[in-house]
Amino acid sequence: MKGILTDITKCVGCGKCVDGCTAANDLPPGSVKQYQTRDGLSGERFTSVLHVDKNGQNRFVRKQCRHCLEPACASACIVGALHTTETGAVVYEEGKCIGCRYCMMACPFGIPRYEWAEAIPYVRKCSLCYERIKQGGAPACVEACPEKATIFGERDELLAIAKDRIDKHPDQYIGKVFGEKEIGGTSVMYISDIPLDFLAWKPDLGDNPLPQYTWAALNKVPGVALGMAAAMTGIYWIIERRMKLQEEQEESNA
Amino acid sequence: MNKRLIVKSILWAFASVGLVVAWARFSMGLGATTALTDDTPWGLWIAFDVMGGVALAAGGFVIAAAVYIFHLEKYSPILRPAVLTAFLGYTAVVIGLLFDLGLPWRIWHATIFWQHHSVLFEVAWCVMLYLTVLALEFAPVALEHPYLQWPILQRIHKLLKWLTVPLVITGIMLSTLHQSSLGSLFLIMPYRLHALWYTPIIPALFFVSAVGLGLMMVTLEAFASSWLFHHKIKTDLLAGLAKAASIVLYIYLAIRFVDLAVHSKLGYLFEGSWQSALFLFEISISALIPAVLLSFSKIRHRLDALFACSLMVVFGMVLNRLNVGIIAIEKSPGNVYFPTWMEISISLAIVSGAALVYIFCAENFRLFTDEKEEKKSIEKRQFEQPVFDAPSKVWLGDSLVQNISVFSIIVVSVISITAAMLPSKAISGYERDPVPVRKAVGWETIKIDGNRTGEFVLFNHKEHEQRLEKIHGEREGCLACHHASIPQDGPTGCYECHSDMHLSSNIFDHEFHQKALQGNQSCTQCHAEGQSKSRESSIACTECHQSMFQKIDTGKADYYIARSYMNAMHDLCIPCHQEQSQILGDENIPKCAFCHVHPPQTNEDRMQKKNVDAFPFSIQNGEN
């Protein structure tokens, strides 16, 4: 399982990761402002650098797909167009997508974006440069980072590095690897000296993988279906029989 | 004009608006016609057309269960209308979905790409199967029509009648599943749906509320069809439905409030936020008030109260679906979703279309199986005037759609009015925001938004002009940036020639600087000594690279687009021509034909400047 670790204390906010991503994914240059929410992501931008004010000092937080270990988007997808791969990257198959946009509703980080301007639109999001990492390369954003603030590697190794940095400089970091456990863990993780709650819809996501919430209801479907069918057949049969008996009785009485 | 004709005319008008908007939606895309954004990817078409539509059509399975399973023969007169409404309702749902899906022609994908962890997958299958069941349940009614008495069809008719009970049981099962699963859709977003609506038992709430809503929708429908078709309303029958609805609504209320209490969310009710107010309003009109009112037998037997209660439940439960689907969903601050008139018109058009088909069925099939009523209508039909073609005196027979000329006029006029009302983006597709164009200045260094980032760079126009003229020739040099033949041309970005200027230019390459300044010994050349090496502790770029920065007023670039070739050239020539015209007293000098060959024979002529080579006069300077 591959992953990315971003160290917020090292990021200088140059935006080279965004440029690297733009070039590697062949996205149009410049910025398209329409349909773009305020975090800078859009159908034409898979990563962005958010500026956060920390007591008058700037902090830069790179937003991108978190590549959850148990992704809500993939569990929501009606046709399995979004799915996890052996590398840990959550990728999107254009050919299957029907455009229901349930993935966009399901993602707790609000990552998938839509090509609203197109008559034939697709969902767009970071793929962890799946084609590149499959051939042993690193994602374009990581390669572009001049400060080594965002690094790529095996998820376990990155976790070890993160914990090592926190242990060595406990005063410089919040003592937590963002993405280690939340919603079952993510492949893209952060260590930071500022809270990163704003990356998700709500702070404190909890450690339960989101697909569990759905599955709790969905696994009852066969039982409910059979139970309902059996109950209806039973009721039908009983009432039918009673009415027949009643009729027979009436006839015999007469 | 009778009122049915008026109602039908209005429905045709709504449907025609939808036709025009449908064209815009499918040719220009969702962004051009809807208010949907990345923040609110689901809007009216999902919350009202799909979630609301499915719930409103719940009457079909509820009444079928009452009549066939519970043997409550009393309700059989409303069975056929209820099944038809359900069938039309589900058809409307599917059509609404076709509008909402980004790639509607792939709606069948769920049948081959299976993803059984997705709630939507289950809903899709249930809706597909249930729509088939409904068609089979309604088919016997259609097959009674005298036009459809072919032997093969009648054999199918018999088979379907024999299959009624299994079909009804399948229908109930499928309805239970997908009515509840529409609620399960939101289980995966505990972080987006407001706590008052989010609960792990939302599927149960959706199912129970659909049953209650189904009962009240059937009631409302009975009112509507009695008004349209002059039936007598059977108060007794409706009171029975209302009693059942009242019980179901009480169950719904109990589940909802117990659930809130168990998850200790009752505090949210008195938060004073708009969500708590909305919740209280929704629960009062969708369940609380009608349930209480309808539990009194006296009120149940009053038609006006019945009508009011059914209207409240229908409105309240649809509001519930809108709340879950749109209103109570978390959005990023400052972002509000309100559907465009085009979205609303599509929803209206689909409902109107369904209503038109319903009226058509009511007029042509035996929908209301009350014998007394039927006799009356047969008597009535006997005395109807036959229609003859005026000149030939030929009997025209029963027309499939009566008053077709009235409707045609309505459709054509509404289509043209709507087409005229479409906003420009719905006709020509996505457009960039209009930006003011600055007048061309042919010699100075100007500020242009070369990377289209909203930040300007200095651009030496003269230098570019000279260099490009050398490479391409005089005219082609200008045309490299000022396009001659592309109307509404997009900006000519710097990167289109300078591939190395693809990216914004305020990047500081740390590694490069480190190497250039001999490695780690040089840290203190930029970073202040003894402080952590951050952006704050380093010196500004200007301290080393003075030449990189010119003293200019900083600001945002205010234009994006290089002027068209024609405008750029005209800007150069015309002001001077106007000046000379006044000085020389010749009004022809600024006119088009003074420079251009007229009339142009070829495209080349269009640009030809006929007087350039032989100036008939010497230029006089106004100041001298």
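On a predicted model such as this, the values are computed, not experimentally measured, just so you know.

Asker: Go over the pairing of strand β3 (residues 57-63) of chain A, please, and point to the residues and values.
Answerer: All names here are of chain A. Across the seven residues that make up β3, a large majority, five, are buried. Where strand β2 (residues 48-54) and β3 come together, seven bridges link them in antiparallel fashion. Bridge pairing links Ser48 to Lys63 in β3. The turn joining β2 and β3, which pair antiparallel and follow one another in sequence, is formed by two residues; a positive phi near 45° is taken by Asn55.

Asker: With reference to specific residues and values, describe the packing of helix α1 (residues 3-28) of chain B against helix α10 (residues 202-229) of chain B.
Answerer: Residues and elements named next belong to chain B. Interaxial distance between α1 and α10 falls to 8 Å at its minimum, and their mutual angle equals 120°. One way to sum up the angle between α1 and α10 is to call them oblique. Seen from α1, the contacting residues are Lys3, Arg4 and Val7; seen from α10, they are Trp227, Leu228 and Phe229. The residue makeup of the contact of α1 with α10, split by class, is four nonpolar, no polar and two charged.

Asker: I'd like a description of helix α8 (residues 151-162) of chain B, backed by residues and values.
Answerer: All names here are of chain B. Its twelve residues place the ends of α8 17 Å apart at the C-alpha level, agreeing with the 16 Å of an ideal helix rising 1.5 Å per residue. When we look at burial in α8, the residues that qualify are Leu153, His157 and Leu160. Across the axial projection of α8, the buried residues extend over an arc of 70°, all falling on one side. Pointing more than 90 degrees away from the buried face of α8 are the exposed residues Pro151, Ile152, Arg155, Lys158 and Trp162. Packed against the buried residues of α8 are α7 (119-143) and α9 (164-184).

Asker: Can you explain the interface of chain A and chain B? Please cite residues and give values.
Answerer: In this complex, chain A contributes 74 residues to the contact, which on the side of chain B involves 79 residues. Interface area for chain A against chain B, summed over the two sides, is near 6,900 Å², with a carbon-plus-sulfur share of 64%. Where chain A meets chain B, there are two salt bridges. Put simply, chain A and chain B have 19 residue pairs in polar contact (both at pLDDT 80 or more) between them. Breaking the side of chain A that touches chain B down by element, the ones donating at least two residues are α1 (16-24), β3, α2 (72-76), α3 (102-106), β6 (113-114), α7 (211-218) and α8 (221-253) of chain A. For the side of chain A that touches chain B, the element with the highest residue contribution is α8 of chain A, accounting for twelve residues.

Asker: A description of unusual backbone geometry should follow, citing residues and the corresponding values.
Answerer: In the Ramachandran plot, Ile183 of chain A falls in the positive-phi region, its phi being about 40° despite a non-glycine side chain. Turning to its location among the elements, Ile183 of chain A is positioned in the loop between α6 (155-168) and β9 (188-191). One non-glycine residue with positive phi stands out, namely Ser264 of chain B, at about 40°. Note on placement: Ser264 of chain B falls in the loop between α11 (235-262) and α12 (266-269).

Asker: Tell me about the pattern of salt bridges, and name the residues and values.
Answerer: Taken as a whole and assessed by the stated rule, the structure comprises 18 salt bridges over all chains. In this structure, Glu182 of chain A and Lys176 of chain A form a salt bridge, with 3.5 Å as the shortest nitrogen-oxygen distance. Lys176 of chain A gets classed as partly exposed once you look at its relative accessible area, which sits at 38%. Two residues, Lys202 of chain A and Glu330 of chain B, come together in a salt bridge whose shortest N-O distance is 3.7 Å. Taken as a pair, Lys202 of chain A in the loop between β9 and α7 and Glu330 of chain B in the loop between α15 (303-327) and α16 (341-364) lie in two separate chains rather than in one. Lys202 of chain A gets classed as partly exposed once you look at its relative accessible area, which sits at 30%. Three or more residues are tied together by salt bridges with common partners; here these are Glu94, Glu115 and Arg124 of chain A.

Asker: Residues and numbers for the sheet that holds strand β1 (residues 2-7) of chain A, please.
Answerer: All names here are of chain A. Reading across from one edge, β8-β1-β9 is the order of the three strands in this open sheet, with mixed pairing throughout. At either margin of the open sheet sits one strand with a lone partner, and together these are β8 (150-154) and β9. Across this sheet, the average inter-strand angle for adjacent strands is 25°, counted without regard to direction. Relative to β8, β1 runs antiparallel, the two being bridged by five bridges. The residue bridging Leu5 from the neighbouring strand is Ile151, located in β8. Relative to the sheet, α6 contacts β1, β8 and β9, its axis offset from that of β8 by approximately 130°.

Asker: Which residues make up the nonpolar core, and what values go with them?
Answerer: Ranked by size, the top nonpolar core spans 188 residues in total, and within it Ile78 and Tyr102 of chain A together with Ile63, Phe186, Leu193 and Leu241 of chain B carry the most contacts. If sequence neighbours within four positions are ignored, Tyr102 of chain A has contacts with Ala76 of chain A together with Trp42, Val119, Leu120, Ser184, Leu185, Phe186, Ile188 and Met189 of chain B. By size, the runner-up hydrophobic cluster in this structure holds 22 residues, among which are Cys17, Ala89, Leu128 and Leu199 of chain A.

Asker: Describe the packing of aromatic side chains, listing the residues and the values that go with them.
Answerer: For the coordinates displayed, the defined rule picks out 13 aromatic pairs over all chains. When the ring of Trp114 of chain B is compared with that of Phe121 of chain B, the centres are 5.7 Å apart and the planes differ by 55°; the resulting orientation is tilted. On the basis of relative accessible area, Trp114 of chain B is assigned to the exposed category, the value being 58%. Using a relative accessible area of 8% as the deciding quantity, one classes Phe121 of chain B as buried. With a centroid separation of 5.2 Å and 75° between ring planes, the pair formed by Phe223 of chain B and Phe307 of chain B is classed as edge-to-face. Here Phe223 of chain B is found in helix α10, whereas its partner Phe307 of chain B is found in helix α15, with 84 residues between them in sequence. Residue classification places Phe223 of chain B among the buried positions, given a relative accessible area of 11%. Feature note: the residues Tyr102 of chain A together with Trp42 and Phe186 of chain B constitute an aromatic cluster, connected by ring pairs. One residue, Arg321 of chain B, lies across the ring of Phe206 of chain B, its end atom 4.0 Å from the ring centre.

Asker: Describe the confidence of the model for chain A, with residues and values.
Answerer: Overall, the prediction assigns chain A a mean pLDDT of 88, with 96% of residues at 70 or greater. Predicted confidence for residues 31-35 of chain A stays below pLDDT 50, and this span has 16 contacts to residues more than four positions away or in other chains.

Asker: Kindly report on the side chain of His194 of chain B, identifying the contributing residues and their values.
Answerer: Structurally, the position occupied by His194 of chain B is in the loop between α9 and α10. The class of His194 of chain B is buried, set by a relative accessible area of 13%.

Asker: Can you break down a negative patch on the surface residue by residue, with the values?
Answerer: All names here are of chain A. On the surface, a cluster of negative charge is made up of Glu247, Glu248, Glu250 and Glu251. Note that Glu250 resides in helix α8. By relative accessible area, Glu250 is classed as exposed at 52%.

What counts as what
Residues numbered from 1 in each chain as written. Chains lettered and ligands numbered in written order. Predicted model: local features only at pLDDT ≥ 70, side-chain atom pairs only at ≥ 80, totals over all residues. Heavy atoms only, no water. Buried < 20%, exposed > 50% of the residue type's maximum accessible area, 1.4 Å probe, protein only. Helix = DSSP H or I, 4+ residues; strand = E, 2+ residues; numbered from the N terminus. Pairing = 2+ DSSP bridges. Axes fitted to C-alpha atoms, helices over the stretch in contact; angles between N-to-C directions. Parallel < 35°, antiparallel > 145°, perpendicular 65-115°, else oblique. Contact = heavy atoms within 4.5 Å. Nonpolar A, V, L, I, M, F, W, Y, C, P; charged D, E, K, R; others polar. Expected span 1.5 Å × (residues − 1). Arc of directions from axis to C-beta. Buried area = accessible area lost by both parts, 1.4 Å probe. Salt bridge = Lys/Arg side-chain N within 4 Å of Asp/Glu carboxyl O. Polar contact = N/O pair within 3.5 Å; in protein donor to acceptor, adjacent residues only side chain to side chain. Core = buried A, V, L, I, M, F, W, Y, C linked by side-chain atoms within 4.5 Å. Phe/Tyr/Trp six-rings, centres within 6.5 Å; stacked < 30°, edge-to-face > 60°. Lys NZ or Arg CZ within 6 Å of the ring centre and 35° of its normal. pLDDT = per-residue confidence, 0-100. Patch = residues over 30% accessible without salt bridge, like charges linked within 9 Å, V, L, I, M, F, W, Y side chains within 5 Å. Areas by Shrake-Rupley, 256 points an atom, 1.4 Å probe, with all protein chains shown as cover. Lys, Arg positive; Asp, Glu negative; His and termini not counted. Charge placed at Lys NZ, Arg CZ, Asp CG, Glu CD.

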